[in-house]
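Structural description and commentary
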Amino acid sequence: MTLKSTLVATLVALSLTSAAQAADTIVVEDAYARSAGKSAKAGAAFMMIENQGETDDRLIGAASDVAGRVELHTHKIDENGVAKMMQVEEGIPIPAGETHMLKRGGDHVMFMGLKAPFEQGAMVPVTLIFEQAGEVVVEIPIDLERQDTGGHSN
Ligand SMILES: [Cu+2]
């Protein structure tokens, strides 16, 4: 092995290590996806995102093949007291050491233009894109029957 190839191999090993560590700092749990009915053209995913790292992170995007568009959404109460769903352009902050819930009536991953209806029990592959951790791929089960206590319907 020449000195140059040794150096390249070392650099590759280093970058692989740091990528793996970054991904490990974000833990996604209790994820589920739903749509409002069989003919629904849109759906949403909810989950618990835990940042186990020491650096503040931010969910800045999401992608999936199941829909034409995937956006990060939240609900805000407008001046008439009506909850409205809107895109969060700036992303969703996940501070170091904290857990953020994407939940009904709050922040969520929105699927617009579903290519096929959501079937109970099927899995939705979603790539979550974080500012620091990069891409985190999750398989999210579809659960059309789940009711979250205290939440709003979506
Ligand atoms: Cu939405």
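Along each chain, residue indices are assigned from 1 in the same order as the chain's sequence is written. Residue-level local features of this predicted model are given only where pLDDT is at least 70; pairs of side-chain atoms are given and counted only at 80 or more, and the full residue set underlies all totals for whole chains, interfaces and linings. As a rule here, side-chain values come from all non-hydrogen atoms in the structure, and water together with hydrogens is ignored.

**Here's the deal with the coordination of the copper ion**
Water is not among the atoms examined, so metal sites may look incomplete; donors are the N, O and S atoms within 2.8 Å of the metal, or within 3.2 Å for Na, K and Ca. Coordination of the copper ion by the protein comes from His73 (ND1), Met85 (SD), His108 (NE2) and Met110 (SD), over a distance range of 2.1 to 2.4 Å. Tetrahedral means four donors with every angle between 85 and 135 degrees, whereas square planar (four donors) and octahedral (six donors) require angles over 155 degrees between opposite donors and between 65 and 115 for all others; sites fitting neither are termed irregular. Of note is the copper ion, whose four donor atoms meet at the metal with angles of 95 to 117° in an arrangement that counts as tetrahedral. In the primary structure, the donors to the copper ion are separated according to the pattern H-x11-M-x22-H-x1-M. On the criterion of sequence distance, the pair formed by His73 in strand E4 (residues 67-77) and Met85 in strand E5 (residues 83-87) is long-range, its members being 12 residues apart. Strands are runs of DSSP state E lasting at least two residues, helices are runs of H or I lasting at least four, and both sets are numbered from the N terminus onward.

**Notes on the side chain of Ser64**
With respect to the element layout, Ser64 can be found in the loop between strand E3 (57-63) and E4. On the basis of relative accessible area, Ser64 is assigned to the buried category, the value being 11%. Two N or O atoms form a polar contact when they lie within 3.5 Å of each other; inside protein one atom must be a possible hydrogen donor and the other a possible acceptor, and for residues adjacent in sequence the pair counts only when both atoms belong to side chains. Reaching out from Ser64, the side chain makes a polar contact with the backbone nitrogen of Val66 at a distance of 3.3 Å. Within polar-contact distance, the side chain of Ser64 engages the backbone oxygen of Pro125 at 2.7 Å. Among all residues touching Ser64, those that are not within four sequence positions of it are Val70, Phe111, Val124, Pro125 and Val126. A simple rule labels every residue: compare its accessible area, found with a 1.4 Å probe on the protein chains alone, to the largest value its type can have, and call it buried under 20%, exposed over 50%, or partly exposed in between. For this analysis, residues touch if any pair of their heavy atoms sits within 4.5 Å.

**Remarks on the environment of Glu131**
Position of Glu131 among the secondary structure elements: in the loop between strand E9 (123-130) and strand E10 (134-141). Linking Glu131 and Ile60, residues 71 residues apart in sequence, is a C-alpha distance of 6.3 Å. The residues touching Glu131, leaving out its near neighbours within four places in the chain, are Asp57, Arg58 and Ile60.

**Some remarks on the pairing of E3**
For two strands to pair, DSSP has to find at least two bridges joining them. In the sheet, E3 pairs with strand E6 (residues 92-94) via three bridges, with the strands oriented antiparallel. Each residue of the ladder has a partner; that of Leu59, found in E6, is Ile92. By the bridge criterion, four bridges tie E3 to E9 in an arrangement that is antiparallel. Note on E9: the bridge partner recorded for Leu59 is Phe130.

**Focus on the nonpolar core**
Buried Ala, Val, Leu, Ile, Met, Phe, Trp, Tyr and Cys residues that are joined via side-chain atoms within 4.5 Å together make up what is termed a nonpolar core. In terms of nonpolar packing, the biggest core is built from 29 residues, with Met47, Val109, Phe111, Leu128 and Phe130 touching the most fellow members. If you list the elements that add at least two residues to this core, you get strand E1 (26-35), strand E2 (42-51), E3, E4, E6, strand E8 (108-114), E9 and E10. A per-element tally of this core places E9 first, with four residues. With residues near it in sequence (within four places) discarded, Leu128 still touches Val28, Met47, Leu59, Gly61, Ala62, Val109, Gly134, Glu135, Val136 and Val138.

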